[in-house]
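The chain contents come next:
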Protein chains: 4
Amino acid sequence: MTTISKTSILRKKLESQSTVKVGGAFDAMSAKLVEIHGFDAVWAGSFAISATHAVPDASILTMTEFFDAAFNMTETCKIPVIADCDTGYGGPSNVSHMVKKYENAGIAAICIEDKMFPKQNSLLQNGRNDLISEKEFVAKIIAGKDAKQDKNFMIIARVEALISGAGMDEAIKRATAYEKAGADAILIHSKKKTPEEIFQFADLWKGNLPIVIVPTTYDSVKLDEIISHKIKMVIYANQTLRAAHASMSNVLKQIINSNSLSEITEKISSMEDIFNLQAMYDIKTKEKELEDELKKLGYIN
Amino acid sequence: MTTISKTSILRKKLESQSTVKVGGAFDAMSAKLVEIHGFDAVWAGSFAISATHAVPDASILTMTEFFDAAFNMTETCKIPVIADCDTGYGGPSNVSHMVKKYENAGIAAICIEDKMFPKQNSLLQNGRNDLISEKEFVAKIIAGKDAKQDKNFMIIARVEALISGAGMDEAIKRATAYEKAGADAILIHSKKKTPEEIFQFADLWKGNLPIVIVPTTYDSVKLDEIISHKIKMVIYANQTLRAAHASMSNVLKQIINSNSLSEITEKISSMEDIFNLQAMYDIKTKEKELEDELKKLGYIN
Amino acid sequence: MTTISKTSILRKKLESQSTVKVGGAFDAMSAKLVEIHGFDAVWAGSFAISATHAVPDASILTMTEFFDAAFNMTETCKIPVIADCDTGYGGPSNVSHMVKKYENAGIAAICIEDKMFPKQNSLLQNGRNDLISEKEFVAKIIAGKDAKQDKNFMIIARVEALISGAGMDEAIKRATAYEKAGADAILIHSKKKTPEEIFQFADLWKGNLPIVIVPTTYDSVKLDEIISHKIKMVIYANQTLRAAHASMSNVLKQIINSNSLSEITEKISSMEDIFNLQAMYDIKTKEKELEDELKKLGYIN
Amino acid sequence: MTTISKTSILRKKLESQSTVKVGGAFDAMSAKLVEIHGFDAVWAGSFAISATHAVPDASILTMTEFFDAAFNMTETCKIPVIADCDTGYGGPSNVSHMVKKYENAGIAAICIEDKMFPKQNSLLQNGRNDLISEKEFVAKIIAGKDAKQDKNFMIIARVEALISGAGMDEAIKRATAYEKAGADAILIHSKKKTPEEIFQFADLWKGNLPIVIVPTTYDSVKLDEIISHKIKMVIYANQTLRAAHASMSNVLKQIINSNSLSEITEKISSMEDIFNLQAMYDIKTKEKELEDELKKLGYIN
């Protein structure tokens, strides 16, 4: 039930909006904040989830650990959750198993990329970015597509050709092949400081699938440019994580160096803000309602 | 091995330092930041862990979920982790099971409080703060003490008498009883805006155990006052969480309202800062070392 | 989607069949065997799950651990899974949280009992079997009912009055109260060697809910008697566990005492039997299908 | 502490006994039965653990799921647990992460094999058994060795050359290379119906590491032959699983076809047998002890 509505919500937004904005999260609280601030969907990103586990973004965490994080998010949020599934955690059999598991859990979409397992973060200096063959990745897409039960569940195919240095022609060729194999969207990734190669891809590619981007390095790209190049989804993948890291570092530095918490200048939310986020007062409301029902039943005078 | 050293590290700090400073965390990254900024130990707090799961701090998460968070922290950190274990997740049998599990996992100390299960956050307006009887809580402490295998593993008994309105005499009486039962430290909790009742407790109580405080509401308390009242441990339980909540809220609000990420003014850490925290470059270093070893063995020319 | 069908399957069986037969399981394999052998539903029993974790059946495992076992079963089986949820893992707030979690996960029904938390197994010699008040248990049922989103999801209220020695009148009174509060079925439990008190209850009680029994101690009770007393569901809760325990004990004893595995007389299934259960050959079938699709797309000649 | 003793127990047994007998398990109960019946160690086997999750033995479960099973076993047992870690769940970085995690958790040894990831069960008809290069597997062994902190923790290198059809020379060559790289034992696997090729390997190989075998297919091999060929460890990997599968199938078939549980002829253990395994009465003993302590403290008259 949940599954159906969240997958169709995402599909409808992609059809009806000029651009779908997706906010990155790594746990249920950050996901809830993404929802509260008006984003269309949540990105359960591997980089951020790995960072909050303090392990490298290099296929070190398992599917189970990434799944648990995404599952917590989808239990918490009304908006759809898109799970970053790295290389798919193995071959076609693993992708098949994974798609069933994620779909059953109410996650709206998964994203897999065409790099070699174990992978390394695409933005790492001197990182390893070898691609698997087009055929191997097409096999994963087919396995994923065949495992879907809800046609609205989306498999986003992430093209790493520009990251790996394989070039624009290879990126176009692969995007076309992935669409033919049954992908539901194409994420074209880039580590350039400016969006030119992304726009070039968007203009050259003749496919019909929505194009998705993650403007981490080319952060000056403007929303109206994105729309004018017919890019349908923008993922702000890691800014929440990086804001949390910065503010926690600051507040800890101030605490360790000060004589009193009241000297701290780093902005922190109030206890009440947190109570609201975690719906503490719902418990009090429900206790009241329960009391009323128990009164009606004669257990309380 | 790990267990022994972390429990003895905590004991030695309590003996040798005027005050032990403990920083609150909710996942491995926040715990690592607590360590990096020079705190003596990490507090794996239930309030913060519940908040990051977006559920009320009201005994909703299970021991398993709290344990997993604390276990991730202790796998990541060299400094000791103190796990907030609420009411002990049941009766004496549960505390016994819990102490074995946490000690085996390398956690240095646990803290249990004398409130009724299921509990509600002590700082909640109109929250439920009923105490269990002294006898029942003493039974939990004995069960925990008997389950310890490493004498340095600490059981911190949290006295909620001041929170519940039972008064100072009851607080003193209980702290004394908990020491006699085998507790290793007394956490005296208060929701007053000023530290008077905490100081009064510290001055009146004639026990020999270290006194622990959590100055969330009386945040103007000064470190030198704390030391002069012979309070041995200060837990800054939730400032990291509240800083993360504030900064993520801000950055998300800015992103959703701006045309470009480069317009964002909220401070965010760089990708490199995060790579460093998660030790991404260690992988590159190890790859290099491995290459050297493979060369020596003749596998690479 | 899954949720809807499995909850309605269970409801329909209760309406259309003289008796619904439920087989006890503790992991996905035992659940799959329950399905293969023609049972109507799977019982994810706390006693059996605790036993396979080698811990006492005394509220030692957490909801998370019981949930994970039940979730594995429902991911594996087409027939409905009924989760034994002991006392509901806390108060009304916990039951509310639990019902949402289990319903979302595709589990068809949960069962909670009116004993004090932490509980002990009802069949334990000299076990503790104190009841909570009717009011307190009614509060849990209401909280559970209000948390349901799918009306077909079932909350089975387990009456422990006969176990605790509170007597038949109390059992009847409580069953009536639990129906009024919104329970979907009544499990009446007994530790007698014969079914007389169960039949007496079934004959005396004037409620409209299906009656459920667990004939562990009164194992001579006959199916036609059960049907003639209008008992709608029989749970064979722990025979799989006890068969597994017996046969594993035997085979291990034989192995340790013999010179060769071929001397073992304890019956063991073939590797092929296990491969079939775990659908090993599906992987080979899917590999073949994938090859065909890759051929069509021109990747393989 | 636990870690040190279990790893050294295993080392000492390998040095002092003619052969070390290891029993296969898939959960804490089966592990406990292995211990009770006098085996030297427990094998946390991937095939059996996959089967109890009802998924193919084909790298479908993640390291987390295998780890959780092995961790439950080592929490339960006094004897050492050896974890079957398939191909190591990735490359050298993953093996490094894994060794730290397993060693910290008190597991005594891990076993990795030189097949391609994702792997398929070695005994599957027409299964895929491609080897990775010697160099790649040597790299995994080095990474594992460098991650060890306790020198007694064992890395067992499983040679699949005979399974894959690469032949005896390749098996010998690889075993030699794996010893040189730092492995602590060599598991030589075979799917032949008779032990000839295993004996041939044992006689030909000139290494100094203990040889380990898994006589699933060549089940007529005799213990005295094994000893005479200087094979130091025998793993009875899956007989517990297969016994449990057979007996549960039988008991379920009998229940579904009979009028009463008392007609069942399949042997099942008593409730008391299970209570003993899960130490139910320890809780009663501890309750008594606690009562005594509370009396001494004056809380009970």
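Look up a bit, the structure's there.
The structure displayed is predicted, hence computed values, not measured ones.

Novice: Even after reading the chapter, I still don't get the overall build of chain A, so can you show me in this structure?
Specialist: If you tally the helices and strands in chain A, you get 13 helices and 8 strands. Its C-alpha radius of gyration of 21 Å places chain A within 12% of the 19 Å reference for a compact globule of 301 residues. Overall, chain A is about 75 × 55 × 35 Å in size when its C-alpha atoms are taken along their principal axes. Residue burial in chain A is summarised as follows: out of 301 residues, 68% are buried. In chain A, the proportion of contacts linking residues at least 24 apart, taken out of those at least 6 apart, comes to 69%. Carbon and sulfur atoms provide 50% of the accessible area of chain A, an area that totals close to 10200 Å².

Novice: Just to check I follow, could you spell out the packing of helix α5 (residues 92-104) of chain B against helix α6 (residues 134-147) of chain B for this structure?
Specialist: How two helices sit against one another is set out by the angle between their axes and by the gap between those axes. Residue and element names in this part refer to chain B. Two elements in contact, α5 and α6, have axes separated by 8 Å at closest approach and are oriented at 35°. As for how α5 packs across α6, the hand of that crossing is right-handed. Residue-level inspection shows Pro92, Val95, Ser96, Val99, Lys100 and Glu103 of α5 in contact with α6, the latter providing Ala139, Lys140, Ala143, Gly144 and Ala147. Across the contact of α5 with α6, the residue classes break down as 6 nonpolar, 2 polar and 3 charged.

Novice: Just checking my understanding: could you explain the interface of chain B and chain A for this structure?
Specialist: By a frequent convention, interface size equals the accessible area lost on bringing the separate parts together. At the junction of the two partners, chain B supplies 80 residues and chain A supplies 80 residues. Here chain B packs against chain A, burying approximately 7200 Å² in sum over the two surfaces, 68% of which is carbon and sulfur. At the junction of chain B with chain A, the criterion picks out 2 salt bridges. For the salt bridge of A:Glu287 with B:Arg128, the shortest nitrogen-to-oxygen distance reads 2.7 Å. At the junction of chain B with chain A, the criterion picks out 43 residue pairs in polar contact (both at pLDDT 80 or more).

Novice: Help me out: how do you make sense of the relation of the copies chain B and chain A in this one?
Specialist: Each of the two chain copies can be brought onto the other by rotation about an axis and movement along it. The operation relating chain B to chain A is a screw motion whose rotation component is 180°, with 0.0 Å of axial translation and a residual RMSD of 0.0 Å. The two molecules are tied by a two-fold rotation axis, judged by turn and shift. No C-alpha of chain B approaches the rotation axis more nearly than that of B:Ala244, which lies at 2.1 Å.

Novice: Can you walk me through the sheet that holds strand β2 (residues 41-44) of chain B in this structure?
Specialist: Think of a sheet as strands paired side by side through backbone hydrogen bonds, with each pair either parallel or antiparallel. All names here are of chain B. On the basis of which strands lie adjacent, the closed barrel formed by 8 strands has the order β1-β2-β3-β4-β5-β6-β7-β8 and parallel pairing. For this sheet, the mean angle separating the axes of adjacent strands, direction not counted, is 25°. In the packing of helix α8 (residues 168-181) onto the sheet, contacts are made with β5 (154-159) and β6 (185-188), and the angle to β5 comes to roughly 165°.

Novice: I tried to follow the relation of the copies chain C and chain B on my own but got confused; where do I start?
Specialist: Superposing chain C onto chain B takes a rotation of 180° plus a shift of 0.0 Å along the axis, which leaves an RMSD of 0.0 Å. The share of interface residues of chain C whose copies in chain B are also at the interface is 100%, consistent with both copies meeting through the same surface.

Novice: Please explain the packing of aromatic side chains as it appears in this structure.
Specialist: Overall, the coordinates contain 36 aromatic pairs over all chains when judged by the stated rule. Pairing A:Phe67 with A:Tyr102 gives two aromatic rings, centres 5.1 Å apart and planes at 80°, and the pair type is edge-to-face. Linking A:Phe67 in helix α4 (residues 63-76) with A:Tyr102 in helix α5 (residues 92-104), this pair joins segments that are 35 residues apart in sequence. Judged on exposure class, the residue A:Phe67 and its partner A:Tyr102 are both buried. When the ring of C:Phe67 is compared with that of C:Phe71, the centres are 5.4 Å apart and the planes differ by 20°; the resulting orientation is stacked.

Novice: Please explain helix α8 (residues 168-181) of chain C as it appears in this structure.
Specialist: Because each turn of an α-helix spans 3.6 residues, side chains separated by three or four positions in sequence point in the same direction. Residues and elements named next belong to chain C. Over its 14 residues, α8 extends 20 Å from the first C-alpha to the last, a length consistent with the 20 Å expected when each residue adds 1.5 Å. Every buried residue of α8 is listed here: Met168, Ala171, Ile172, Arg174, Ala175, Ala177, Tyr178 and Ala181. Following α8 by one or two positions, Gly182 has its phi on the positive side, about 120°.

Novice: What am I meant to see in the sheet that holds strand β2 (residues 41-44) of chain C here?
Specialist: All names here are of chain C. Here 8 strands make up a closed barrel; going around it, the order is β1-β2-β3-β4-β5-β6-β7-β8 and the pairing parallel. Here the strands of the sheet are splayed against their neighbours by 25° on average, with no regard to which way each runs. As judged from the 2 bridges shared by strand β7 (residues 211-213) and strand β8 (residues 233-236), these two strands associate in the parallel manner. Paired with Val212 across the strands is Met233, a residue of β8. Contacting β4 (109-113) and β5 (154-159), helix α6 (residues 134-147) runs over the sheet at an angle of about 170° to β5.

Novice: Got a minute to help me understand the interface of chain C and chain B in this structure?
Specialist: Counting residues at the interface gives 16 residues for chain C, matched by 16 residues for chain B. Taken together, chain C and chain B are joined by 0 salt bridges. Residue composition of the side of chain C that touches chain B, grouped by class: 7 nonpolar, 8 polar and 1 charged.

Novice: Looking at this model, I keep getting lost on the packing of α6(C) against α8(C). Mind explaining?
Specialist: Residues and elements named next belong to chain C. Where α6 contacts α8, the axes come no closer than 9 Å and their chain directions differ by 30°. For the element pair α6 / α8, the angle class is roughly parallel. Crossing handedness for the pair α6 and α8: right-handed. Contacts from Glu134, Phe137, Val138, Ile141, Ile142 and Lys145 in α6 reach Lys173, Arg174, Ala177, Tyr178 and Ala181 in α8. Of the residues contributing to the contact of α6 with α8, the split by class is 7 nonpolar, no polar and 4 charged.

Reading the values: the criteria
- Residues numbered from 1 in each chain as written.
- Chains lettered and ligands numbered in written order.
- Predicted model: local features only at pLDDT ≥ 70, side-chain atom pairs only at ≥ 80, totals over all residues.
- Heavy atoms only, no water.
- Helix = DSSP H or I, 4+ residues; strand = E, 2+ residues; numbered from the N terminus.
- Rg over C-alpha atoms; globule rule 2.2 N^0.38 Å.
- Buried < 20%, exposed > 50% of the residue type's maximum accessible area, 1.4 Å probe, protein only.
- Contact = heavy atoms within 4.5 Å.
- Areas by Shrake-Rupley, 256 points an atom, 1.4 Å probe, with all protein chains shown as cover.
- Axes fitted to C-alpha atoms, helices over the stretch in contact; angles between N-to-C directions.
- Left-handed = near helix turned anticlockwise from the far one by under 90°.
- Nonpolar A, V, L, I, M, F, W, Y, C, P; charged D, E, K, R; others polar.
- Buried area = accessible area lost by both parts, 1.4 Å probe.
- Salt bridge = Lys/Arg side-chain N within 4 Å of Asp/Glu carboxyl O.
- Polar contact = N/O pair within 3.5 Å; in protein donor to acceptor, adjacent residues only side chain to side chain.
- Least-squares fit on C-alpha atoms with pLDDT ≥ 70 in both.
- Pairing = 2+ DSSP bridges.
- Phe/Tyr/Trp six-rings, centres within 6.5 Å; stacked < 30°, edge-to-face > 60°.
- Expected span 1.5 Å × (residues − 1).
- Parallel < 35°, antiparallel > 145°, perpendicular 65-115°, else oblique.

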